[in-house]
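One-letter residues, chain by chain:
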2 protein chains.
Amino acid sequence: MRSTAEARRVTVLNTAVSVFARAGFHATPVTAVAAAAGISEAYVFRLFSGKLGLFVAAAGACFDRIAAAIEAGAERAGGDSPEEILDAMGGAYAELIADRDLLLFQVQAQAVTDIPEIAEAVRAGYRRVATFVQSRAGASDAQVQQFFAYGQLCHLIVTAGLEQVPEPWARALTAGIRHP
Amino acid sequence: MRSTAEARRVTVLNTAVSVFARAGFHATPVTAVAAAAGISEAYVFRLFSGKLGLFVAAAGACFDRIAAAIEAGAERAGGDSPEEILDAMGGAYAELIADRDLLLFQVQAQAVTDIPEIAEAVRAGYRRVATFVQSRAGASDAQVQQFFAYGQLCHLIVTAGLEQVPEPWARALTAGIRHP
DNA sequence: CTTGTTTGTGAGTGCACACTTACAAACATG
DNA sequence: CATGTTTGTAAGTGTGCACTCACAAACAAG
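Residues numbered from 1 in each chain as written. Chains lettered and ligands numbered in written order. Predicted model: local features only at pLDDT ≥ 70, side-chain atom pairs only at ≥ 80, totals over all residues. Heavy atoms only, no water.

Peer 1: What exactly am I supposed to notice about the nonpolar core here?
Peer 2: Here is a general trend for soluble globular proteins: nonpolar side chains tend to be buried in one another's company. Grouped together as the largest cluster of nonpolar side chains are 135 residues, with contacts concentrated most on Phe105 of chain A together with Phe105 of chain B. Sequence-distant contacts of Phe105 of chain B, defined by excluding residues within four places in its chain, comprise Val17, Phe20, Ala21, Phe55, Ala58, Ala59 and Cys62 of chain B. (Core = buried A, V, L, I, M, F, W, Y, C linked by side-chain atoms within 4.5 Å. Buried < 20%, exposed > 50% of the residue type's maximum accessible area, 1.4 Å probe, protein only. Contact = heavy atoms within 4.5 Å.)

Set out below in structure tokens:
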């Protein structure tokens, strides 16, 4: 026994988030996740109940990391007002998704919500983040809504590669968005 | 000859938008599009250069319809101020995506932007819509950005099915969004 | 009617990939 | 050392799907 199954699961999940992020659920063979994790495809199928189980578990890991980052960001807020806390949370989130994997995985997960298990995982993830943002920042409904609206705008900016587009319309959409 | 090739292409593209919208590019076999359009798979491959060509052309058709709807909505604006025109555009867009196909297709397209041809089609679509919104409404950069941010929020609401979630966090995210 | 062009299809072909099974090696426990 | 359990894999199996090709029917023009 080189490693315990539980430890393997953790490393496989983190690599799964990165690998699924590139091409999505259907276009990513389990072989690709296994190779990136350095183990055989057969063992991935023993550690998780099929490809769908792996993806759902990866979604859980993805939102775990997002929630943790936002939580840590709130601790570093400059003051106690909702605006200051939301700003600190936004900064922490922007810093977290600099490597793009967590952002792209969310996009991929939203694209396969026709699979009920994935839809439920996505809802659970946003439920966790949204309830925390609202309670921790003491923000109004409208502030929470705005927080997520501009978060989703980041998804468009990154997937379409708008940071690289010098035209005015792209500059307007990316203005003020923190280092994407 | 029952129909001209060009007329076939138009009908195939509209059905392709609906069919791709459900399961996305990789999970949708060309057979499904052909069956929905009432022709054989082989003929779809003659009308378009492969599955990728079909999807890219469908993306063009999707953004054509969105641009046309927003353009028509602007004509029905109550006044000439940017706020009134943006509001009319938003209403027209909300009305258009009531059947969900155009919205879900955009989500699917954003998820496969790792394919360069699709990324370019997405950029072209948003370029067209964004430049029109800005010039027609005479809106500021910040107003255009806000318009698209809340548009992207609709994508999350619909894919995650948040209209059906009665919990407070979901109500906060969906508040004020027009009849999704 | 003959010849040519366009619209349309049925029947393949080859490959990628989800998932299984049989088997082996490492470790634990008595 | 013997027996059992857990970690790990190599080598299949079956199926679904992108794409092709040979062929047919409708129409046009002479």
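Peer 1: Even after reading the chapter, I still don't get the protein's contact with DNA strand C, so can you show me in this structure?
Peer 2: Around DNA strand C sit 21 residues in total, of which Val30 and Lys51 of chain A together with Ala5, Ser40 and Tyr43 of chain B are the nearest. The contact atoms of DNA strand C, taken as those within 4 Å of the protein, divide so that sugar and phosphate hold 64%. Between DNA strand C and the protein, one listed contact pairs a phosphate oxygen with a backbone N or O atom of Val30 of chain A at 2.9 Å. One of the side-chain nitrogen or oxygen atoms of Lys51 of chain A is found 2.7 Å away from a phosphate oxygen of DNA strand C. In terms of residue count, helix H3 (residues 41–47) of chain A provides more of the surface near DNA strand C than any other element does, four residues in total. Taken together, the residues that form the surface near DNA strand C break down as ten nonpolar, five polar and six charged. (Near = heavy atom within 4 Å. Polar contact = N/O pair within 3.5 Å; in protein donor to acceptor, adjacent residues only side chain to side chain. Helix = DSSP H or I, 4+ residues; strand = E, 2+ residues; numbered from the N terminus. Nonpolar A, V, L, I, M, F, W, Y, C, P; charged D, E, K, R; others polar.)

Peer 1: I keep staring at the protein's contact with DNA strand D and nothing clicks. Help me out?
Peer 2: Near DNA strand D there are 20 residues, and of these Ala5, Ser40 and Tyr43 of chain A together with Val30 and Lys51 of chain B occur at the shortest range. Each atom of DNA strand D within 4 Å of the protein was assigned to sugar, phosphate or base; sugar and phosphate come to 63%. Here a phosphate oxygen of DNA strand D and a side-chain polar atom of Arg8 of chain A are 3.0 Å apart. Taking Arg46 of chain A, its side chain carries an N or O atom lying 3.2 Å from a base nitrogen of DNA strand D. Mapped onto the surface near DNA strand D, the elements with two or more residues apiece are helix H1 (5–23) and H3 of chain A together with helix H3 (41–47) and helix H4 (50–75) of chain B. Here the surface near DNA strand D is composed, by residue class, of ten nonpolar, five polar and five charged.

Peer 1: What am I meant to see in the packing of aromatic side chains here?
Peer 2: The relation between two aromatic rings is expressed through the spacing of the ring centres and the mutual angle of the planes. Residue and element names in this part refer to chain A. With the rule as written, the count across this model stands at 14 aromatic pairs over all chains. Considering the side-chain rings of Phe20 and Phe55, the 4.9 Å spacing of their centres and the 75° angle between planes classify their relative orientation as edge-to-face. Here Phe20 is found in helix H1, whereas its partner Phe55 is found in helix H4 (residues 50–75), with 35 residues between them in sequence. Judged by relative accessible area, which is 1%, Phe20 ranks as buried. Judged by relative accessible area, which is 0%, Phe55 ranks as buried. Between Phe25 and Phe55, the aromatic rings sit 5.1 Å apart at their centres with planes inclined by 75°, giving edge-to-face as the arrangement. A residue pair is termed long-range when its members are at least 10 positions apart, and Phe25 in the loop between H1 and helix H2 (30–37) and Phe55 in helix H4 qualify at 30 residues. For the pair Phe25 and Phe55, a shared accessibility class is recorded, and that class is buried. (Phe/Tyr/Trp six-rings, centres within 6.5 Å; stacked < 30°, edge-to-face > 60°.)

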